[in-house]
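Examination of the molecular architecture
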Amino acid sequence: MRREHHARLPRMCFAPARKPPGSLPSLLAAVLIAGVLVALAAVPAGAGGDAFRKETARAVRAHEKARAQVDRLRAGDARTTEVRSAERRRKAIRAGLWDALWSVARDAGDPVAVDPSGRAGRCPAARTRSRAPEDRDGDWTAPTRRYRLSAGYAARGSRWAHRHTGQDFAVPTGTPVYAVGPGTVRATTCGDGFGNQVIVRHPDGYFTQYAHLSRIDVRKGGRVAAGQRLGLSGATGNVTGPHLHFEVRITPYMGSAVSPLPWLRRKSVDIGG
């Protein structure tokens, strides 16, 4: 049986950005960030994918911890300088992770890195332009309707090369798939284990992925609103049946996924599970 969403993960070397001197907590945080980024850079060529995956997972956890710190500071009406300093730390982690995963994706031929518009791979172009919903006021929403939650985030099984990287919504082929929030279409690709997919970047910097579509109704660079149709569900790519694979990422690339249901709950979207 073919495994879903398999990609090799080589290494990428890069140096963390230097930060100006600051308070002791800031220096300790900088040391932590530098440790995460240097660990990623230190994975030697030929070491295999497991070491790189462990370090990227560590970077993802560090980013989410830094993001939570920013949220706490903002909720507690902290000084602007504190919030900005915490946000710089978060962005430093994301930048290092982004550079590493972009190199991996490029070397592996991931269409998100090498053909984000889908033109070179002759992916099916948007047949119709979807319109923004007229009855939505910017609220976030579920990515589809009348679904049954199937494989969840971090699930194990023979269908995946490693752990499952998103949340699957079991729906029949042809079910509308919607943008969960406002954003810009980063990629519309095909040809790998995800089949026909759309990736959207949101104002908070996170990316959402909608995979295995039977049809794509948006194009790279287009702006979308919450609840706007991106395409129709299907069974393209490596699948065992029709469903929507929904993923939330720190970067556009594989290896930066976070648990999607808690992320949606932070947007006041509760889809169960």
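Data block above holds the structure.
Figured I'd write up the structure that's included with this text. This is a predicted model, so every value here is computed, not measured. (Residues numbered from 1 in each chain as written. Predicted model: local features only at pLDDT ≥ 70, side-chain atom pairs only at ≥ 80, totals over all residues. Heavy atoms only, no water.)

1. Some details on the overall build of the protein
Applied cut-off: Note on conventions: DSSP H or I runs of at least 4 residues are helices, E runs of at least 2 residues are strands, and numbering of each starts at the N terminus. Buried, partly exposed and exposed residues are distinguished by accessible area as a fraction of the type maximum, computed with a 1.4 Å probe on protein chains only: under 20%, between the cut-offs, and over 50%, respectively. The contact criterion used is simple: two residues touch if any of their non-hydrogen atoms lie within 4.5 Å. The accessible surface values rely on the Shrake-Rupley method and a 1.4 Å probe; as for residues, cover is taken only from the protein chains in view.
Helix and strand counts for the protein come out as 5 helices and 10 strands. Per-residue burial over the protein gives 48% buried out of 273 residues. The contacts of the protein with a sequence gap of at least 6 include a subset with a gap of at least 24, amounting to 69%. Surface exposure of the protein reaches about 13400 Å², of which carbon and sulfur atoms provide 51%.

2. A look at the nonpolar core
Test applied: What makes a nonpolar core is a set of buried Ala, Val, Leu, Ile, Met, Phe, Trp, Tyr and Cys residues whose side-chain atoms join them at distances within 4.5 Å.
Of all hydrophobic cores here, the largest spans 40 residues; its most connected members are Val 198, Tyr 210 and Leu 230. In terms of residue count, helix 3 (residues 80–108) provides more of this core than any other element does, 6 residues in total. Apart from the residues lying within four places of it in its own chain, the contact partners of Val 198 are Val 185, Ala 187, Thr 188, Thr 208, Gln 209, Tyr 210, Leu 213, Ile 216, Val 218 and Leu 230.

3. Things to note about the environment of Arg 129
Turning to its location among the elements, Arg 129 is positioned in the loop between helix 4 (111–114) and strand 1 (148–149). As for Arg 129 and Ile 216, which are separated by 87 residues in sequence, their C-alpha atoms are 9.3 Å apart. Discounting residues that sit within four places of it in the chain, Arg 129 has contacts with Asp 217 and Arg 219.

4. Considerations on the state of the cysteines
Just so we agree on the cut-off: Any pair of cysteine sulfurs within 2.5 Å is marked as a disulfide.
According to the stated counting rule, one finds 1 disulfide in the structure shown. Here Cys 123 connects covalently by a disulfide to Cys 190, the sulfurs 1.9 Å from one another. Because the sign of the S-S torsion sets the handedness, a value of about -95 degrees for the bond joining Cys 123 and Cys 190 places this disulfide among the left-handed ones. Note that Cys 123 is positioned in the loop between helix 4 and strand 1 and Cys 190 in the loop between strand 4 (183–189) and strand 5 (196–201), a separation of 67 residues in sequence. No difference in accessibility class separates Cys 123 from Cys 190, as the two residues are buried.

5. Details of unusual backbone geometry
Glycine aside, a negative phi is what most residues show, and trans is what most peptide bonds show. Although it is not a glycine, His 212 adopts a positive phi angle of roughly 70 degrees. Examined against the element boundaries, His 212 turns out to sit in strand 6 (residues 207–216). Positive phi outside glycine occurs at Ser 268, with the angle close to 65 degrees.

6. Side note on the environment of Phe 207
Positionally, Phe 207 belongs in strand 6. With 40 residues separating them along the chain, Phe 207 and Glu 247 place their C-alpha atoms 8.1 Å apart. Sequence-distant contacts of Phe 207, defined by excluding residues within four places in its chain, comprise Trp 98, Arg 186, Ile 199, Val 200, Arg 201, His 202, Glu 247, Val 248, Arg 249, Ile 250, Thr 251 and Pro 252.

7. Details of the pattern of salt bridges
This is how it is decided: Any Lys or Arg side-chain nitrogen found within 4 Å of a carboxyl oxygen on Asp or Glu counts as a salt bridge.
Throughout the structure, instances matching the rule amount to 11 salt bridges. The residue Glu 55 makes a salt bridge to Arg 58 at a minimum N-O spacing of 3.9 Å. Of this pair, Glu 55 and Arg 58 both sit in helix 2 (residues 49–75), 3 residues apart, roughly one helical turn. Across the salt bridge formed by Arg 67 and Glu 64, the nearest N and O atoms sit 3.6 Å from each other. Taken together, the residues span about one helical turn, with Arg 67 and Glu 64 both in helix 2 at a distance of 3 residues. For the pair Arg 67 and Glu 64, a shared accessibility class is recorded, and that class is buried. One connected set of salt bridges, linked through shared partners, spans Glu 64, Arg 67 and Asp 71.

8. Section: the packing of helix 2 against helix 3
The cut-off we apply is this: The axes are straight lines fitted to the C-alpha atoms, using for helices just the contacting stretch, and the angles between their N-to-C directions are given from 0 to 180°. An angle counts as roughly parallel when it lies under 35 degrees, as roughly antiparallel when it exceeds 145, as roughly perpendicular when it falls between 65 and 115, and as oblique in every other case. Crossings are sorted by hand: turned counterclockwise from the far helix by less than a right angle, the near helix makes the crossing left-handed, and turned clockwise it makes it right-handed. Each residue gets one of three labels, nonpolar for Ala, Val, Leu, Ile, Met, Phe, Trp, Tyr, Cys and Pro, charged for Asp, Glu, Lys and Arg, and polar for the others, Gly among them.
For the pair helix 2 and helix 3, the least separation of the axes is 9 Å and the interaxial angle reads 155 degrees. The angle between helix 2 and helix 3 places the two elements in the roughly antiparallel class. As helix 2 packs across helix 3, the resulting crossing turns out to be left-handed. Each of Phe 52, Thr 56, Ala 59, Val 60, Ala 62, His 63, Ala 66, Arg 67, Gln 69, Val 70, Leu 73 and Arg 74 in helix 2 lies in contact with helix 3, whose residues at this interface are Glu 82, Val 83, Ala 86, Glu 87, Arg 90, Ile 93, Arg 94, Leu 97, Ala 100, Leu 101 and Val 104. Across the contact of helix 2 with helix 3, the residue classes tally to 14 nonpolar, 3 polar and 6 charged.

9. Some words on helix 2
Note: α-helices contain 3.6 residues per turn, so residues at a spacing of three or four share the same orientation. Applicable threshold: For a helix, the expected span equals 1.5 Å multiplied by the residue count minus one.
The end-to-end C-alpha distance of helix 2 is 39 Å, a good match for the 39 Å that 27 residues give at a rise of 1.5 Å each. Positive phi shows up at Asp 77, right after helix 2, with a value of about 55 degrees.

10. Comments concerning the packing of aromatic side chains
Let me state the cut-off plainly: For this analysis, a ring pair means two rings from Phe, Tyr or Trp (six-membered ring only for Trp) whose centres lie within 6.5 Å, classed as stacked if their planes differ by under 30 degrees, edge-to-face if by over 60, and tilted for the remaining angles.
Enumeration over the complete set of coordinates arrives at 7 aromatic pairs. One aromatic cluster is present, formed by Tyr 147, Phe 169, Tyr 210 and Phe 246 through successive ring pairs.

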